[in-house]
Structure formats: C-alpha cells, structure tokens
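Listed below are the residues making up each chain.
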Amino acid sequence: MTWAIFGTMIVLLLLGFPMMIPLIAGSLIGFVALFGGFGNLDTMVQQILAGIRPASLIAVPMFIFAADIMTRGQSANRLIDLVMAFVGHLKGGLAISTAGACTMFGAVSGSTQATVVAVGGPLRPRMLKAGYNDSFVLALIVNASDIAFLIPPSIGMIIYGVVSGTSISELFIAGIGPGLLILLMFSLYSYFYAVRNNVPVEPKATWAERGTAFKRALWPLGFPAIIIGGIYGGIFSPTEAAAACVLYALILEMIVFREMNFKQLYSTAKSTGLITAVVFILVGAGAAFSYVISFAQIPQQVLAGIGIDQMGQYGVLFTISIAFFVGCMFVDPIVVILILVPIFAPVVQNVGLDPVLVGTIITLQVAIGSATPPFGCDIFTAIAVFKRPYTEVVKGTPPFIFMLLAVAVLLIFFPQIALFLRDLAFAE
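Residues numbered from 1 in each chain as written. Predicted model: local features only at pLDDT ≥ 70, side-chain atom pairs only at ≥ 80, totals over all residues. Heavy atoms only, no water.

Undergrad: Is there a simple way to think about empty space enclosed by the protein in this case?
TA: Picture a little ball the size of a water molecule; that probe, rolled over the atoms, points out where space is still empty. Under the definition given, this model contains one cavity of 30 Å³ or more. By volume, the largest cavity amounts to about 30 Å³. If you trace the largest cavity, you find it lined by Gly88, Leu90, Gly92, Gly93, Leu94, Ala130, Tyr132, Pro200, Val201 and Glu202. Taken together, the residues of the lining of the largest cavity sort by class into six nonpolar, three polar and one charged. (1 Å grid on protein atoms, 1.4 Å probe; cavity = no way out; pocket = protein on both sides within 12 Å on 5 of 7 lines; lining within 4 Å. Points joined across faces, edges and corners; volume = space filled by probe spheres on them. Nonpolar A, V, L, I, M, F, W, Y, C, P; charged D, E, K, R; others polar.)

Undergrad: Teacher, can you tell me more about the side chain of His89 here?
TA: With respect to the helices, strands and loops of the structure, His89 is situated in the loop between helix H5 (75-87) and helix H6 (93-109). With a relative accessible area of 19%, His89 lands in the buried category. Contacts of His89, omitting those with residues within four sequence positions, involve Val201, Glu202, Pro203, Lys204 and Arg210. (Helix = DSSP H or I, 4+ residues; strand = E, 2+ residues; numbered from the N terminus. Buried < 20%, exposed > 50% of the residue type's maximum accessible area, 1.4 Å probe, protein only. Contact = heavy atoms within 4.5 Å.)

Undergrad: Sorry, what's going on with the packing of helix H18 (residues 313-328) against helix H23 (residues 398-413) here?
TA: The relative placement of two packed helices comes down to the angle between their axes together with the axis-to-axis distance. Where H18 contacts H23, the two axes come as close as 10 Å, and the packing angle between them is 155°. In terms of orientation, H18 and H23 fall into the roughly antiparallel class. When the axes of H18 and H23 are compared, the crossing they make is right-handed. Residues Tyr314, Leu317, Phe318, Ser321 and Phe325 of H18 pack against Leu405, Val409, Ile412 and Phe413 of H23. A per-class count over the contact of H18 with H23 returns eight nonpolar, one polar and no charged. (Axes fitted to C-alpha atoms, helices over the stretch in contact; angles between N-to-C directions. Parallel < 35°, antiparallel > 145°, perpendicular 65-115°, else oblique. Left-handed = near helix turned anticlockwise from the far one by under 90°.)

Undergrad: For this particular structure, what's the right way to read the pattern of salt bridges?
TA: Any two side chains of opposite charge can pair, given that their charged atoms come close. Here the structure, examined in full by the defined rule, presents seven salt bridges. Linking Arg124 and Asp134 is a salt bridge whose minimum nitrogen-to-oxygen distance equals 2.9 Å. Remark: Asp134 occurs in helix H8 (residues 134-144) and Arg124 occurs in helix H7 (residues 112-130); sequence separation between them is 10 residues. For the residue pair Arg124 and Asp134, the accessibility class agrees, reading buried in each case. Residue Glu392 pairs with Arg388 through a salt bridge whose shortest N-O separation is 3.0 Å. Salt bridges linked by common partners bring Arg124, Asp134, Arg388 and Glu392 together as one network. (Salt bridge = Lys/Arg side-chain N within 4 Å of Asp/Glu carboxyl O.)

Undergrad: When you look at unusual backbone geometry in this model, what are you seeing that I'm missing?
TA: Glycine aside, residues mostly have negative phi, and peptide bonds are mostly found in the trans state. Phi at Asn198 takes a positive value of approximately 50°, unusual for a residue other than glycine. Secondary-structure assignment places Asn198 in the loop between helix H12 (176-196) and helix H13 (207-217). Accessibility expressed as a relative area gives 59% for Asn198, which makes it exposed. Unlike most non-glycine residues, Arg258 shows phi in positive territory, near 55°. Given the relative accessible area of 69%, Arg258 is considered exposed.

Undergrad: So what exactly am I meant to see when it comes to the state of the cysteines here?
TA: As used here, a disulfide is simply a covalent bond connecting the sulfur atoms of two cysteines. All told, the structure shown has zero disulfides when counted by the stated rule. Just so you know, Cys245 is unpaired, no disulfide at all, and the nearest cysteine sulfur is the one on Cys102, 19 Å from it. You can call Cys245 buried: its relative accessible area is 0%. (Disulfide = S-S within 2.5 Å.)

Undergrad: In this structure, what is going on with the layout of surface pockets? I would like to understand it.
TA: Estimated volume of the second largest pocket: approximately 150 Å³. In this structure, the second largest pocket is lined by Tyr160, Ser164, Thr166, Val341, Phe344, Ala345, Val348, Gln349, Leu353, Pro355, Val358 and Ile362. Where the lining of the second largest pocket is concerned, the elements lending two or more residues are helix H10 (155-164), helix H19 (333-350) and helix H20 (355-370). The element best represented in the lining of the second largest pocket is H19, accounting for five residues. Taken together, the residues of the lining of the second largest pocket sort by class into nine nonpolar, three polar and no charged.

And the structure:
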C-alpha cells in the first residue's frame with residue numbers, strides 16, 4: 001500500500017498536476033486500501049473538514065489579506081524608504097536596505113512570496129542601476145524573503161502550530177532571534193560584496209530626510225507593534241492580531257493614505273480568497289493524508305528504517321532538518337509541513353525536545369528549501385515577477401544558502417538563539 005500511495009503521488013506530480021491532486025489521490029488510495037472499498041469515504045471527508053476546522057487557521061487568510069492591501073498601497077514603499085534613509089549610504093547599503101526591507105515587510109506579511117513581490121519590485125531596478133550584478137540581486141531578494149517566514153507573523157509557523165498543537169504565540173516570538181541573525185549575516189555579506197566589486201555608495205540622507213522618512217513610515221510601523229507587542233503583552237491571540245492587522249491596513253490605505261478605493265479592495269479580497277482556497281484545500285487534504293499514514297503506521301516504518309529511535313536529540317534535529325530542507329526543494333512548504341510533522345512528532349516527544357525549538361528549525365528549513373534549486377517555490381515567484389531565466393535566478397544563491405544553513409546548525413547547538421525571547425516573554 002505504501003508504494004501504491006507514494007508512487008501514485010509522484011506520477012501525478014511528474015505529470016504536472018497541482019499538489020492538491022496528488023494529496024487527495026494518495027489519501028483516497030489509502031482509505032480504499034485500509035477500509036476495503038469506497039464505503040468509508042465519509043471518514044475521509046470528516047478528516048478533511050477536521051483539518052480546516054481549527055480556529056487558529058483563521059489567521060492565515062487575514063494575514064494574507066493584510067499583506068495584499070499593504071502591497072497594493074503605500075505601506076510597503078514607506079518601510080523601504082525608511083530603511084534606505086538610514087543605511088542606504090553605507091558600502092553595500094542598497095543591498096543591506098533590501099535585506100532590511102525584507103525583514104520589515106516580513107514583520108507585517110508573513111509570506112515569502114509576498115515579500116519577493118513587494119520588496120523586489122521597487123528595489124531591484126535601483127540595485128541594477130547602482131552597479132550590482134543581477135544574479136546577486138535576484139539571489140538576495142529570493143533568500144532575504146526567507147526572513148519573512150521567521151519574523152512574526154509567519155504563515156508556516158501557524159500551519160506547524162495547528163498540525164503539532166504547539167503554541168503559535170511562542171513560535172512567533174521564537175522566530176525573531178534567528179530572523180535577525182540572518183539579517184546580520186546577509187548585511188555583512190552585502191558589505192563585503194560591495195567592497196570586492198567596488199559598488200558605488202548611495203548619497204547620504206540628511207537627518208531632515210531621515211526624519212521625514214521616519215514620519216512617513218510611522219503608520220506602517222504600527223503593524224509589528226500590533227503583532228509582536230499585542231501578542232507579547234497578552235492583548236491579542238495570533239488570530240486576533242491578524243484581524244487587527246486587516247482593520248489597521250484598511251484604515252491606513254483607504255482613509256489615511258487614500259491609496260485604495262472599494263473597487264481595488266474588492267479585487268484584493270478576491271485575490272486573497274483564491275490564495276486562501278488553495279491553502280485550505282492543501283491543509284484539508286494534508287489532514288486526510290496524515291490520518292492515512294498514521295493509521296497505516298507508515299511513520300513508524302520509515303523512522304525505523306533510518307534508525308531514528310537510536311538517535312539522541314542532535315541526531316533527531318539533524319534528521320528533521322535534512323528531511324524538511326530536501327522536501328521543500330521539490331514540494332510546496334505547506335504540504336511538506338502537513339506530511340512530515342505528524343511523522344516526526346512522536347520522536348520529538350520521545351527524546352524530550354522543545355516543540356517550539358523544533359518548530360523554529362522546521363520553519364527555517366522550510367524557508368531555505370523554498371529558495372533552493374531545483375524547484376523552490378520562491379525561485380519560480382522571482383522568475384514570474386522579474387521575467388528572468390531560471391539559471392540567472394539561481395546562479396547567485398549558493399552563498400546565501402550556505403549562510404542560512406549555518407544559522408540552522410547554530411540553532412541546533414545554541415537553541416537559546418530562538419528560545420531566549422520566548423522564555424523572556426512567557427516566563428511564569
């Protein structure tokens with residue numbers, strides 16, 4: 001049965017079907033094989049509905065909606081201008097600004113692909129004009145967008161929290177440390193790249209111009225205050241913070257900035273609805289698939305085959321890291337989380353690992369895999385947005401992937417990078 005399920009899924013993927021079709025097909029084969037026919041498909045439907053029932057998932061469409069509103073309005077550009085005003089004049093400042101803008105936009109969107117579009121669109125032409133090589137620019141944008149998967153709100157962390165039963169609030173806070181460490185590494189690399197390639201610096205902004213940029217960005221800076229401050233202060237749950245972000249985005253773009261009318265709002269809501277439908281179909285199908293593989297004890301067979309029961313905590317963490325990194329090189333990150341988290345969950349519990357640390361490492365590996373050849377989804381987003389060939393987009397990625405993997409290894413050996421702020425925020 002195992003070979004029939006996974007074989008069918010691989011064939012359907014190779015034939016070009018969207019990921020939801022292989023997931024549903026694999027689940028269907030599993031239910032038919034397990035229960036001896038089509039008579040118990042109502043159980044499959046129940047599992048699909050149970051997968052999308054958790055209230056925490058309401059945060060996903062709301063964060064996507066808020067990000068769409070900001071991308072189409074002024075908020076994203078104002079945040080970019082703020083970063084540029086303070087670091088744009090440094091050696092490599094434009095590249096550092098790009099990484100910083102990805103971090104700041106990640107703190108209001110939670111989506112790597114939205115960050116590629118919102119930050120890459122305005123900054124790529126400026127970097128090319130300043131003398132940066134396009135392969136470096138594309139690689140920086142694609143990989144710096146990974147920070148959006150770690151800095152709260154993170155859609156990946158929401159899905160992991162729902163699947164594993166881990167506190168989403170704690171996951172959000174734990175992602176801040178690794179996200180900032182990645183920003184530091186990317187900034188240092190950008191500086192040395194600019195020095196080595198003699199990239200000219202941007203004109204230094206005056207303090208008056210910085211003050212103006214700060215005032216213009218003051219309203220958009222309310223987003224991380226709502227998300228991080230609200231959750232940290234116990235004012236909001238993650239779902240409530242998502243709802244507050246949507247309301248705040250609407251007030252900013254429709255009333256304060258007056259950049260969006262009701263016709264544009266309808267178009268934005270329609271786009272969000274389409275994305276949300278795809279995500280929830282994946283989540284529901286993933287829940288049914290997880291039920292099948294758990295009922296058939298496939299996780300136990302797989303884990304016994306690699307001898308994970310004899311591994312300590314470090315061995316388990318490295319195995320999990322490799323599995324998620326490789327998985328996201330080929331498949332959508334949400335699907336990888338839905339399939340692999342239930343497989344590794346019993347082992348994580350048995351060896352006594354902190355599920356928040358595991359969730360942070362998984363989120364990072366998922367983000368890295370999303371920007372890694374051959375089929376990382378962020379690569380194809382960049383290809384579509386910037387209309388550049390595949391080889392040019394992936395050419396400059398190795399140094400960034402190396403830095404991201406270095407952060408992943410540091411997280412395994414120094415978990416306090418992620419857990420320090422979590423422990424501080426949720427100390428009893």
